[in-house]
Amino acid sequence: MELLGNLALGLNTALSPSNLLYCFLGVFLGTFVGVIPGIGPLAAISMLFPITFYLDPTAALIMLAGIYYGTTYGGSTASILLNIPGATSSAVTCLDGYPMAQQGRAGVALMMTTVASFAGGSFGIIILSLFSPIIAEYALSFGPADYFALMLLGLVAASTIANASPAKGLAMVVLGMLVASVGTDSQSGVARFTFGSMSLLDGFGISAMAMGLFGIGEILSSVGNARSTAIDKSSAKWRNMVPTRDDVRRSWMPGLRGSAIGSFFGALPGTGPSIAAFMAYAVEKRVSDTPERFGKGAIEGIVAPETANNAADQTAFIPTLTLGIPGSATMALMLGALMVHGIQPGPTLIVQQPALFWGLVMSFWIGNIILLVLNLPLIGLWVRMLLVPYQYLYPAILVFVCIGAYSVRANPADVLMVLGFGVLGYGLRIAGLPAAPLLLGFVLGPLIETQFRRSMVLAQGDFTTIMARPIAGTVLALTALLLVWSVVSAIRRRRRLAQAAQGGLGG
Amino acid sequence: MLDRDYRDIVAGVALALAGGAAALYAVSNYALGTFTRMGPGMVPAWLGGALAVFGVIIALQGMAQRGEPVTIRTRVLLMLGASIVCFALMIDRFGMVPAVFIAALLASCAEAPIRPLRSLILAGVLSAVTWAIFIAGLRLTIPSFDWPY
């Protein structure tokens, strides 16, 4: 019954007028930005990050989380109507969503997407509320060495699993950790890499970094690209949105399987909504009696990935909130938002800040309901959003980023720092280096260093003592396995590519 | 097609140099300490070393594979850069509305074709909208207009 009491407390917090307003604002802005092709949750949260400095931590997190799962909803709209994913997690939705739109069934696809997103999100929230307290209680016995091992696993997983080149992902994580070491060392008080600059004593700000890398960096690389704007506007009409009986019958099982797959991959470090959506799609195609329908507008092909990515959005909060270990760059930003407000996430968070934790969980549900209510009548608005030329959008985004950066400390130098990180982000894109692991390394860097130094003191400088701990040892072994696996599969992929290239030249 | 992936080679070498420099700087300026009691230099030194190693690996991989030429859009970079710099220089001296106006005007010129009238209207609308949101709505303590001279 403790759970019911907690849920009631959460509802109470989430339903307070101001939190409700920020939840609404978050999901609205998230959908709005998610519809814009190319701007995913990371860019959206980065750009709106400074606003949340003015809110109390619960409201701040409710709003940021709303932006996060709102973009996933909005991202699928662009996938279906334009065949351009609004966010990477909805890329799979293009495969069957766009063919449906070409067959004149865009309205049905949008409707089913919205319902599937809600179902998947709800499933993820149930998993989140059931498992978080258990994991947090278990984690109370973790020592610094265990945290060090878990964070290392998170960093290695995030930099290797989703990236074609493990070397590039790992290099970016390490670079992020190095950037994070700029400033006063928390243990010795020595100023590191400040080169005598007073303003660097506090290190780089997470908001400047995120806004630069993902906000300005995104604009720099997308301005001047060709864009398609051919949309069937009639898809937004109500009568075109009613699914057939057959559609509904076909969607049950894919929805359930998608929710389960999404919940699983969302909670794992390094995977998250994009991989969850991809896996769910692959599983549906495998179990289907008619796999040939996939890619030609099969309803299962949008229901499964859409439930999966929304379920994953919710379960991604499990490691972030219970262990204080984010599994992705987006979750690292959530963690950053908490730390800006002086809250150290970890297993004690649920007990010490029950209103924050359960309020956040219940706000997810309210947010998902708002999205359900908001999306169906407003699809017409989102469709029109897609028609706004990018040449009007990007100056607006740029101006908002500038004001946001300036408003944090009323310091024009922060704006220039955002520009610096923006140029870095653009450079990374050109160089084919992933920017997300950089941010994750930046957030986790100081935490992992502290835990590592503490655990080495406890182990009296003997690393084998750390490996002998049951949890730390197992996790470190897993990390090593993951490293070996990713190196082996990267080498295999290169061989295959090389052979294909030679075959192409020979033939 | 290029016979080597110069993009990866340049990126790898740059990362390796950055990592090496960070490691050297940490070793020569900060105390390393022992493994039991690590000084402030220990972790950055190892991180710099790791970055150098990964950079070398990326560069070596680039040597072994074919690549595509890279295009850098200097015009976009310059116009958007100028826009942000102008905002930073103007916000304290002239206030938010002029800073937004100029920044939006410059930014809208990054993409061809440039349409002066539309850019002016866009800059005007954005100035009004940002004023309404940030100063009238959120009540940020940024002056709307200022004239230092």
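No experiment lies behind these values; they were computed from the predicted model shown.

Reading the values: rules and limits
- Residues numbered from 1 in each chain as written.
- Chains lettered and ligands numbered in written order.
- Predicted model: local features only at pLDDT ≥ 70, side-chain atom pairs only at ≥ 80, totals over all residues.
- Heavy atoms only, no water.
- Domains from an automatic or database assignment.
- Axes fitted to C-alpha atoms, helices over the stretch in contact; angles between N-to-C directions.
- Helix = DSSP H or I, 4+ residues; strand = E, 2+ residues; numbered from the N terminus.
- Parallel < 35°, antiparallel > 145°, perpendicular 65-115°, else oblique.
- Nonpolar A, V, L, I, M, F, W, Y, C, P; charged D, E, K, R; others polar.
- Disulfide = S-S within 2.5 Å.
- Buried < 20%, exposed > 50% of the residue type's maximum accessible area, 1.4 Å probe, protein only.
- Contact = heavy atoms within 4.5 Å.
- Buried area = accessible area lost by both parts, 1.4 Å probe.
- Salt bridge = Lys/Arg side-chain N within 4 Å of Asp/Glu carboxyl O.
- Polar contact = N/O pair within 3.5 Å; in protein donor to acceptor, adjacent residues only side chain to side chain.
- Expected span 1.5 Å × (residues − 1).
- Arc of directions from axis to C-beta.
- Left-handed = near helix turned anticlockwise from the far one by under 90°.
- Core = buried A, V, L, I, M, F, W, Y, C linked by side-chain atoms within 4.5 Å.

Draft legend 1. Structural context of the domain arrangement of chain B. Partitioning chain B into structural domains gives domain 1 (6-64) and domain 2 (74-137). The distance between the C-alpha centroids of domain 1 of chain B and domain 2 of chain B comes to 39 Å.

Draft legend 2. Highlighting the packing of helix α6 (residues 106-139) of chain A against helix α16 (residues 354-387) of chain A. All names here are of chain A. Where α6 meets α16, the axes come as close as 10 Å, and the angle between the chain directions of the two elements is 175°. Considering the angle they form, α6 stands roughly antiparallel to α16. Residue composition of the contact of α6 with α16, grouped by class: 18 nonpolar, 8 polar and no charged.

Draft legend 3. Up close: the state of the cysteines. As enumerated under the stated definition, the model contains 0 disulfides over all chains in all. Unpaired in terms of disulfides, Cys86(B) finds its nearest cysteine sulfur in Cys402(A), a separation of 10 Å. By relative accessible area, Cys86(B) is classed as partly exposed at 24%. With no disulfide of its own, Cys109(B) has Cys86(B) as its nearest cysteine by sulfur position, at a separation of 11 Å. Using a relative accessible area of 18% as the deciding quantity, one classes Cys109(B) as buried.

Draft legend 4. Quick peek at the interface of chain A and chain B. Opposite the 59 residues of chain A that make contact, chain B presents 60 residues. Roughly 5,300 Å² is buried in total at the junction of chain A and chain B, and carbon and sulfur atoms are behind 75% of that figure. Joining chain A to chain B, the criterion identifies 1 salt bridge. A salt bridge links Asp8(B) to Lys168(A); the shortest N-O distance between them is 3.0 Å. Run the count over chain A and chain B and you get 13 residue pairs in polar contact (both at pLDDT 80 or more). Sorting the residues of the side of chain A that touches chain B by element identifies α8 (166-180), β2 (191-192), α9 (206-222), α17 (390-409), α18 (412-430), α19 (436-458) and α21 (470-506) of chain A as the ones contributing at least two each. No other element matches the 12 residues that α17(A) contributes to the side of chain A that touches chain B. Of the residues belonging to the side of chain A that touches chain B, the class tally is 39 nonpolar, 13 polar and 7 charged.

Draft legend 5. The arrangement of helix α1 (residues 2-14) of chain A in detail. Residue and element names in this part refer to chain A. Compared with an ideal rise of 1.5 Å per residue, which puts 13 residues at 18 Å, α1 spans 18 Å between its outermost C-alpha atoms and is within 8% of the ideal. Of the residues making up α1, those classed as buried are Asn6, Leu7, Gly10, Thr13 and Ala14. Projection of α1 onto a plane perpendicular to its axis shows the buried side chains occupying an angular sector of 120°, all on one side. In α1, the exposed positions that point more than 90 degrees away from the buried face belong to Leu4 and Asn12.

Draft legend 6. Spotlight on the packing of α18(A) against helix α3 (residues 74-94) of chain B. Between α18(A) and α3(B), the shortest axis-to-axis distance is 8 Å and the interhelical angle comes to 165°. In terms of orientation, α18(A) lies roughly antiparallel with respect to α3(B). Our pair here, α18(A) against α3(B), has a crossing hand that is right-handed. Between α18(A) and α3(B), the residues in contact are Pro412(A), Val415(A), Leu416(A), Leu419(A) and Tyr426(A) and Leu77(B), Gly81(B), Ile84(B), Val85(B), Phe87(B), Ala88(B), Ile91(B) and Asp92(B), respectively.

Draft legend 7. Just the environment of Leu120(B), in detail. Residues and elements named next belong to chain B. By the secondary structure assignment, Leu120 is in helix α5 (residues 116-137). For Leu120, a relative accessible area of 42% corresponds to the partly exposed category. For Leu120 and Gly48, which are 72 residues apart along the polypeptide, the C-alpha to C-alpha distance reads 48 Å. When sequence neighbours within four positions are dropped, the list of residues in contact with Leu120 reads Phe101 and Leu105.

Draft legend 8. Structural detail: the nonpolar core. Core analysis: the biggest nonpolar cluster contains 191 residues, and Phe317(A), Leu439(A), Leu80(B) and Phe87(B) have the highest contact counts within it. A total of 17 residues in this core trace back to one element, the largest contributor, which is α16(A). Listed in part, the 7 residues of the second largest apolar core include Ile261(A), Phe265(A), Ala276(A) and Ala280(A).

Draft legend 9. How the structure looks around the environment of Phe463(A). Residue and element names in this part refer to chain A. With respect to the helices and strands, the residue Phe463 is situated in helix α20 (residues 463-468). Phe463 sits in the partly exposed class, given a relative accessible area of 32%. Sequence separation between Phe463 and Asn225 is 238 residues, and the spatial gap between their C-alpha atoms is 51 Å. In contact with Phe463, other than residues within four places in its own chain, are Phe148, Phe452, Met456 and Leu476.

Draft legend 10. Summary view of α3(B). All names here are of chain B. Given a rise of 1.5 Å per residue, 21 residues ought to cover 30 Å, and the 29 Å separating the end C-alpha atoms of α3 matches this to within 8%. Restricting attention to buried positions, one finds in α3 the residues Val76, Leu80, Gly81, Ser83, Ile84, Phe87, Ala88, Met90 and Ile91. Looking one or two places after α3, you find Gly95, whose phi comes out positive at around 95°.

Draft legend 11. View of unusual backbone geometry. Residue and element names in this part refer to chain A. The phi dihedral of Phe193 falls on the positive side, at around 50°, and the residue is not glycine. As for its position among the elements, Phe193 is in the loop between β2 and α9. When its relative accessible area of 8% is taken as the criterion, Phe193 is described as buried.

Draft legend 12. Focus on the pattern of salt bridges. Residue and element names in this part refer to chain A. For the structure on display, the rule yields 15 salt bridges over all chains. Asp185 is the salt-bridge partner of Arg192, the closest N and O atoms lying 3.8 Å from each other. Here Glu300 and Arg250 are joined by a salt bridge, their closest N and O atoms 3.3 Å apart. In this pair, Glu300 is assigned in helix α12 (residues 300-315) and Arg250 in helix α10 (residues 245-267), connecting sequence segments 50 residues apart. For Arg250, a relative accessible area of 25% translates into the label partly exposed. Sharing partners across several salt bridges, the network here consists of Asp246, Arg249, Arg250, Arg293 and Glu300.

Draft legend 13. Here's a closer look at the environment of Met331(A). Structurally, the position occupied by Met331(A) is in helix α14 (residues 329-340). Ignoring anything within four residues of it in the chain, the contact list for Met331(A) reads Tyr68(A), Ala316(A), Phe317(A), Thr320(A) and Pro326(A).

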